[in-house]
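Residue-level structure breakdown
Each chain, written out:
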Amino acid sequence: MPANILNLQQYRVLRVEETDHDYHVTAEPVDATSSCPHCQSDRLTSWGTREQVFKDMPMHGKRVGIHIDTKRLRCQACGKTFSQALPVLAENRMMTDRLAKWIGQQALKRTFTSLADETGVVEGTIRNIFRDYVNALERTVRFETPKWMGIDEIHIINKPRCVISNIQNDTIVDMLHNRNKDTVAKYLFKMQNRDKVQYVAMDMWTPCRDAVSAVLPDATIVIDKSHVVRMANDAMEKARKGLRAELPPKQKRGLMHDRFVLMKRECALNEQERLNLDGWAKNYPALGEAYRLKEDFYGIYEAGTPEDAMRRYEAWHGGISTEIRPYFADLIRAFTNWQAFILNYFDHPVTNAYTESLNNLIRVMNRLGRGYSFEALRAKVLFTEALHSHEHKRPRFERKREPEPVEMGHGLPDDAIGYGVPVMEKVPSMGSPETYGPHKHEKRDKNYGVDIPTLIRMIEAGEI
Ligand SMILES: [Zn+2]
């Protein structure tokens, strides 16, 4: 008899045929069905067979099919007919349980087409397995609710999506398919321990603000500096374009050439650029004023308190000439409408590290996603274990000799203590080896979500 190349103890291998691309393994269950599943009677008679083929894990680079002559049986006691029991097979999918599980895991890293090619399973089935797998992960993978939550817009697969993050840990905790009030509100409402959220940083998007105010009424909304000063840059751009119209052709070209100087912060200009800027300001005072207003607006963010910031803003606002005002109208309107939330920043600033991470993520995100739906992409990002902050990577391939020592809460933010995180208390019964093992540890380890710097690195390396 051929050796059990399937490595499935529940089946006896009867025959193995090998072709260029496939293994065809004929097998039968070791345990015969001996009682009726309906009435438990053991008076069964044979009622024919039907040949079934179940796909299994690819082996030696070949597709594997398990051929089974499944017995039909009839119960003499209750008269019902049924098929013999086939352990470890997913009969709805016509494959082994282990193949279904493997496909689910692999589909996070690979395209459905390549999996279909390798296993011989049709793509539609792979898509269904993936969906079930993701649903199961949703139930088991639980990210910690952030104390400092970010709600940001990122274009993913041609649409603005909503990225929910943990600002202190620099992680993503979810991605929503759009930024509607309803979508955001539903998400926040379903979130476990949502009262843990104390601060929500966002851009100036009213539907988001409405959702947060409705579901998290006690959370403080903060508008990050980057979103506000960006509008000062935009105003400068509008002024440049507006004033350009009045220039003779030669100066128009020159202004086109020097537009980067106008966008730069004053402190970042080199000597030549500073000279260029002075030239423009002297010859075209309106342009000089727009630049000054842009720079002075940045200056508001040097304030130490909300009151100081408000004083600086009022002084800034009071100094705008009628000629330049229209270019800064959007910024003034935004500041007026969002004033309280913009000023909250001065009491509760968002970390630069997070703002930078997010900008980097926006930069690389469009490389991700070719050939995937948003749902598949979201699952890839959220459930790829290698990305999880504070979860253990797959262990090295090695024999275990001694129990590994328990690592104590590495990489936690400095201020982690104080929001109820990591009292990584020692297990009282230090004597037994089970208390050390990775499983025990994983259970106590909190998962903060998808580490954004690692995600960026993996996207750039083409590993996701
Ligand atoms: Zn029966």
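**Describing the overall build of the protein chain**
- When helices and strands are counted, the protein chain shows 17 helices and 13 strands.
- Buried positions account for 28% of the 464 residues belonging to the protein chain.
- When contacts within the protein chain are restricted to residue pairs at least 6 apart in sequence, long-range pairs at least 24 apart make up 60% of them.

**Topic: helix α6 (residues 225–244)**
- With 20 residues, α6 extends 29 Å from end C-alpha to end C-alpha; this agrees with the ideal 28 Å at 1.5 Å per step.
- Among all positions of α6, only His227, Val228, Ala232, Ala235, Met236, Ala239 and Arg240 are buried.
- Buried residues in α6 make contact with β12 (220–223), α7 (249–257), α8 (259–263), α10 (285–300), α12 (329–337) and α13 (339–347).

**Examining the packing of α6 against α10**
- Interaxial distance between α6 and α10 falls to 9 Å at its minimum, and their mutual angle equals 180°. As the angle between them shows, α6 and α10 are arranged roughly antiparallel. Facing Val229, Ala232, Asn233, Ala235, Met236, Ala239, Arg240 and Leu243 of α6, the residues of α10 in contact are Ala286, Leu287, Ala290, Tyr291, Lys294, Phe297 and Tyr298.
- Classifying every residue of the contact of α6 with α10 gives 12 nonpolar, 1 polar and 2 charged.

**Brief notes about the packing of helix α4 (residues 181–190) against helix α5 (residues 206–215)**
- Two elements in contact, α4 and α5, have axes separated by 8 Å at closest approach and are oriented at 30°. As judged from the angle between their axes, α4 and α5 are roughly parallel. Between α4 and α5 the crossing geometry is right-handed. Contacts between α4 and α5 involve Lys181, Val184, Ala185, Leu188 and Phe189 from the former and Pro207, Cys208, Asp210, Ala211, Val212, Ala214 and Val215 from the latter.
- Looking at side-chain class alone, the contact of α4 with α5 contains 10 nonpolar, no polar and 2 charged residues.

**Things to note about unusual backbone geometry**
- Residues other than glycine seldom take positive phi values, yet Asn7 does so here, at roughly 55°.
- Position of Asn7 among the secondary structure elements: in the segment before β1 (11–18).
- For Asn7, a count of 12 C-beta atoms within 10 Å translates into the label exposed.
- With a phi close to 55°, Val88 is a non-glycine residue in the positive phi region.
- Relative to the helices and strands, Val88 is located in the loop between β5 (81–83) and β6 (89–90).
- Exposure remark for Val88: the 15 C-beta atoms within 10 Å place this residue in the partly exposed category.

What counts and what doesn't
Residues numbered from 1 in each chain as written. Predicted model: local features only at pLDDT ≥ 70, side-chain atom pairs only at ≥ 80, totals over all residues. Helix = DSSP H or I, 4+ residues; strand = E, 2+ residues; numbered from the N terminus. Buried ≥ 20, exposed ≤ 12 C-beta atoms within 10 Å, placed from the backbone. Contact = placed C-beta atoms within 7 Å. Expected span 1.5 Å × (residues − 1). Axes fitted to C-alpha atoms, helices over the stretch in contact; angles between N-to-C directions. Parallel < 35°, antiparallel > 145°, perpendicular 65-115°, else oblique. Nonpolar A, V, L, I, M, F, W, Y, C, P; charged D, E, K, R; others polar. Left-handed = near helix turned anticlockwise from the far one by under 90°.

Worth remembering: the numbers are spatial, not functional.
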